[in-house]
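Breakdown of the fold
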Amino acid sequence: MNGSPASRYVYGEEVNLQSASCPPPNPFLTDDVVNTINHLDNAAIEHGKRELRNVDNSLEMIPLSDNKEENDESIFSYENEDEQHVDIQKRHAPSSNAPFSGDDFHSSGTRLPQSIYQYIYPPNAPRTVQLFRPENIAVPACYLLVGLLQGLSGPFTNVYPLDLNASEAQQATISSLKSLPSTFKLVFGFLSDNFPLAGYRRKSYMLIGWAVTSLSMCLLLMFSDLSMEAVQLNGGHEKSVEGGNDTERYLQTIAQQNPVTGAPPSIPFLSFCLLLFGTGFWFADVMGDSIVAEKAKLEPESSRGQLQSTCYACRFFGLMVAAPFSTIIYSTFGPKAVVVLMAGLPASIVPFVYILNETKNVPVASTKEQCSEIWSTVCSRAVWQPMGFVYLYNVLQVGNAAWKQFLKTVLGFTSNQLNSLLIAAYVLLWLGIMAYKKFFISWSWRSVYVSTTLLNGVLSALQILLIKGITFGLSPFLFALGDDCFADFIGGIQFLPTTIMMVHLCPSGSEGASYAMFTTMSNSAYTLSAAFSTLLLGVWDVSKEAMERGELSGMVNLTALTTLIQVSGVLFVGLLPRTKEDLLGLHADSLSGSKIGGFIFLFVTFSSVVYSLVVGVLNIIKPGWAGES
């Protein structure tokens, strides 16, 4: 299509959930465990006591069925794990099939109908993964906040620098500074895995992240005037009124009559605030991902993937709502109102993070041990083969970089129409997430990718019809709306299978660094894909001047080429496991443990990080190096 989808832009005292299906030995029946059990429902307490009386003195798990092969392997484990780490993992990660599932409808005293109550708190899921419990609500709230801030900040960073008369090079600098901290997600994850703060590995850092995010916007509010009057009056001083238009002379007159007490932010100060904003934003985002990576391992097999799909549905719902809202607020009340929201929203999550139930002072393996475990992980065929598919597929999603120019120059789309396309894309993206959650979550991962890739090819072919003026009686805007936006619907469906797969690749205790590493590799492929899109602009003449002359053969050729490149990703689908069971099977494969595979994986990952850093730094220290004016 014309580009990548818009999206590409051990907690609680969990021993109590484990006691029935994976009971700890008597030596570990401490006062803390007993106190925790007391918080459970009366029926669950009695059940737990009966099980604890009958437990032997070993750590052997009680079979979940007569057929041991059917037992759920809720945690991606490795045969060469250190025995001490395995012991810690068993005590802090309860079985997803534990009878203490949180089915407390009859004892809760709720007035809600049973069907609604059990929809909110699924009775077959452990309480620790019931996201809307008070002790877990910070997790979906974090994802919702990420989406809201993405939606609010997008129009602000796209439009406000233009109002400040920023050049294209300065705009590239601002954009790079805002996204640059995402390059350090691996560092953020490694920090939280290895160095607990105040006894907590996640919630303390999440608080810091959101505090920095809020502080950055507060600085912008305190030390600059963000009103549109300040922009118009102060910004107009550099322009000569002589020979100017009536608007410029009017603004100059108003400036003399009503002097502005404050000045708008300079481009360097705005860039610094957005850099700080991005640092806090991505720091908190990594903590949310780490929590989900831990909790997702505890889901029962019957609802595998629901936790992640719910979180990302919250995220993209926030994006869908905030993007048009931000545009309306900006045009009606000015940039200051948007920045006030961006400063206040992160503070709203603090109470939820405070009550987040996270086990304090969990034993942490040494940095050397965690690095060794991550190395063992990436050497597994269950990691480098499917992640190889993800990287190759994403690199091949090369879009037509001239498409937006075609819509504006040839079809005459206004800015409002282009914004409408973006908003509709966000809506379809969220609907794609919901469609996967509702209808496709039981499909094999391969089936999802094959069907959606081929459908994407059909939609791309429709772009050629639009270029040739064949719209079957529809207006060009409606035709483009269906074409472009359904690409994001497909992107939403494709988004979740790989994120679900990544969770099951994370070794216990190193979820923060490992999940950040996987997502960094995936996202860096899109960065490389965007670079290829730019390079293809030189193959045929698709310049604005050629479009104005009516020479559209280059657009047809470029669209056909990018469509073929995108669809070619299906050729590598054989590298992708069909299901989680196939993923675990790859771990026992003869090629698993390959140091060559692990080395290639890390080389590609860190090379991509270095590439992103170089591009970001060049945009900062040498604006315009890529050809911007």
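Residues numbered from 1 in each chain as written. Predicted model: local features only at pLDDT ≥ 70, side-chain atom pairs only at ≥ 80, totals over all residues. Heavy atoms only, no water.

**Considering the environment of Cys142**
As a reminder, the rule being used: Here a strand is any run of E in DSSP of at least two residues, a helix any run of H or I of at least four, and the numbering for each starts at the N terminus. Between two residues, a contact is recorded if the distance between any of their heavy atoms is within 4.5 Å.
With respect to the secondary-structure elements, Cys142 resides in helix H7 (residues 138–163). Spatially, the C-alpha atom of Cys142 lies 6.4 Å from that of Gly288, the residues being 146 residues apart in sequence. With near-sequence residues (within four places) excluded, Cys142 lies in contact with Met206, Trp210, Ala284, Gly288 and Ile349.

**Remarks on the packing of aromatic side chains**
The relation between two aromatic rings is expressed through the spacing of the ring centres and the mutual angle of the planes. Here is the rule we go by: Ring pairs are drawn from Phe, Tyr and Trp, using the six-membered ring of Trp, whenever the two centres fall within 6.5 Å, and their geometry is named by plane angle: stacked under 30 degrees, edge-to-face over 60, tilted for the rest. Between buried and exposed lies partly exposed: a residue is buried under 20% and exposed over 50% of the maximum accessible area for its type, with that area taken using a 1.4 Å probe on protein chains only.
The full count for this structure, using the stated rule, is 21 aromatic pairs. Between Tyr312 and Phe316 the ring centres are 6.4 Å apart and the planes differ by 25°, which places this aromatic pair in the stacked class. On the criterion of helical spacing, the pair formed by Tyr312 and Phe316 is a turn pair, its members being four residues apart in helix H14 (residues 306–333). Like Phe316, Tyr312 is buried. Relative to Tyr449, the ring of Tyr393 has its centre 5.0 Å away and its plane inclined at 90°; by these criteria the two rings are edge-to-face. Placement of the pair is Tyr393 in helix H18 (residues 381–395) and Tyr449 in helix H21 (residues 445–467), with a sequence separation of 56 residues.

**A look at the side chain of Ser326**
Considering the arrangement of structural elements, one finds Ser326 in helix H14. Given the relative accessible area of 0%, Ser326 is considered buried. Beyond its immediate chain neighbours, meaning those up to four positions away, Ser326 contacts Gly151, Leu152, Pro155 and Val338.

**Considerations on the confidence of the model for the protein chain**
Heads up, the condition is: Per residue, pLDDT captures the predictor's confidence, and it can take any value from 0 to 100.
Across the protein chain, the average pLDDT comes to 76, with 75% of residues at 70 or higher. Predicted confidence in the protein chain is weakest over helix H1 (residues 15–18), with a mean pLDDT of 33, and strongest over helix H10 (residues 203–222), with 94. Residue range residues 236–245 is modelled with pLDDT below 50. Its contacts to residues more than four positions away, or to other chains, number ten contacts. A low-confidence stretch, residues 247–252 (pLDDT under 50), is modelled with nine contacts involving residues beyond four sequence positions or located in other chains.

**Re unusual backbone geometry**
In most cases, non-glycine residues show a negative phi, while peptide bonds are predominantly trans. For Ala198, which is not glycine, the phi dihedral falls at a positive 60°. A residue is classified by how much of its surface remains accessible, and Ala198, at 55% relative accessible area, is exposed. One non-glycine residue, Asn361, lies in positive phi territory at about 55°. Tracing the chain through its elements places Asn361 in the loop between helix H16 (350–354) and helix H17 (367–379).

**Quick look at a nonpolar patch on the surface**
Here is the rule: Patch membership needs two things, relative accessible area over 30% and no salt bridge, and members are linked within 9 Å if like-charged or within 5 Å if nonpolar (Val, Leu, Ile, Met, Phe, Trp, Tyr). Each accessible area value is a Shrake-Rupley result obtained with a 1.4 Å probe; residue values ignore everything except the protein chains displayed when judging cover. Within this document, salt bridges are pairs made up of a side-chain nitrogen of Lys or Arg and a carboxyl oxygen of Asp or Glu, the two lying within 4 Å of each other.
On the surface, Trp375, Ile596, Phe599, Ile600 and Phe603 cluster together to form a nonpolar patch covering roughly 560 Å² of accessible area. The element best represented in the nonpolar patch is helix H27 (residues 595–621), accounting for four residues. With respect to the element layout, Phe599 can be found in helix H27. Residue classification places Phe599 among the exposed residues on the basis of a relative accessible area of 54%.

**Quick look at the packing of helix H9 (residues 185–194) against helix H23 (residues 511–535)**
To keep it simple, the criterion reads: Inter-axis angles, ranging from 0 to 180 degrees, are taken between N-to-C directions of lines fitted to C-alpha atoms, where helices are fitted over the stretch in contact. For classification purposes, an angle smaller than 35 degrees is called roughly parallel, one larger than 145 roughly antiparallel, one from 65 to 115 roughly perpendicular, and anything else oblique. Residues are grouped as follows: Ala, Val, Leu, Ile, Met, Phe, Trp, Tyr, Cys and Pro are nonpolar; Asp, Glu, Lys and Arg are charged; all remaining types, including Gly, are polar.
Packing of H9 against H23 brings their axes to within 7 Å, and their N-to-C directions diverge by 170°. Relative to H23, the element H9 lies roughly antiparallel. Counted together, Lys185, Leu186, Gly189, Phe190 and Asp193 of H9 and Glu511, Gly512, Ala513, Ala516, Met517, Thr519, Thr520 and Asn523 of H23 form the full contact between these two elements. Across the contact of H9 with H23, the residue classes break down as five nonpolar, five polar and three charged.

**Digging into the pattern of salt bridges**
Close approach of charged atoms lets side chains of opposite charge pair. A full pass over the atoms with the stated rule returns eleven salt bridges. A salt bridge links Arg315 to Asp285; the nearest nitrogen and oxygen atoms lie 3.8 Å apart. Taken together, the residues span a long stretch of sequence, with Arg315 in helix H14 and Asp285 in helix H13 (residues 267–295) at a distance of 30 residues. By relative accessible area, Asp285 is classed as buried at 2%.

**Here's the deal with the state of the cysteines**
Just so we agree on the cut-off: Criterion for a disulfide: a pair of cysteine sulfur atoms at a distance within 2.5 Å.
Following the criterion strictly, the structure yields zero disulfides and no others. The cysteine Cys311 is free of any disulfide, with Cys314 supplying the nearest cysteine sulfur at 6.4 Å. The class for Cys311 is buried, based on a relative accessible area of 0%.

**Some remarks on the packing of H7 against H10**
Here is the rule we go by: A clockwise turn of the near helix away from the far one marks a right-handed crossing, whereas an anticlockwise turn of less than a right angle marks a left-handed crossing.
At a closest axis distance of 13 Å, the pairing of H7 and H10 adopts a crossing angle of 25°. Between H7 and H10, the crossing angle belongs to the class labelled roughly parallel. Note that H7 runs across H10; the crossing there is left-handed. Contact with H7, carried on its side by Cys142, Leu145, Val146, Leu149 and Phe156, involves Met206, Trp210, Thr213 and Leu220 of H10 and no other residues of that element. Here the residues of the contact of H7 with H10 are counted per class, giving eight nonpolar, one polar and no charged.

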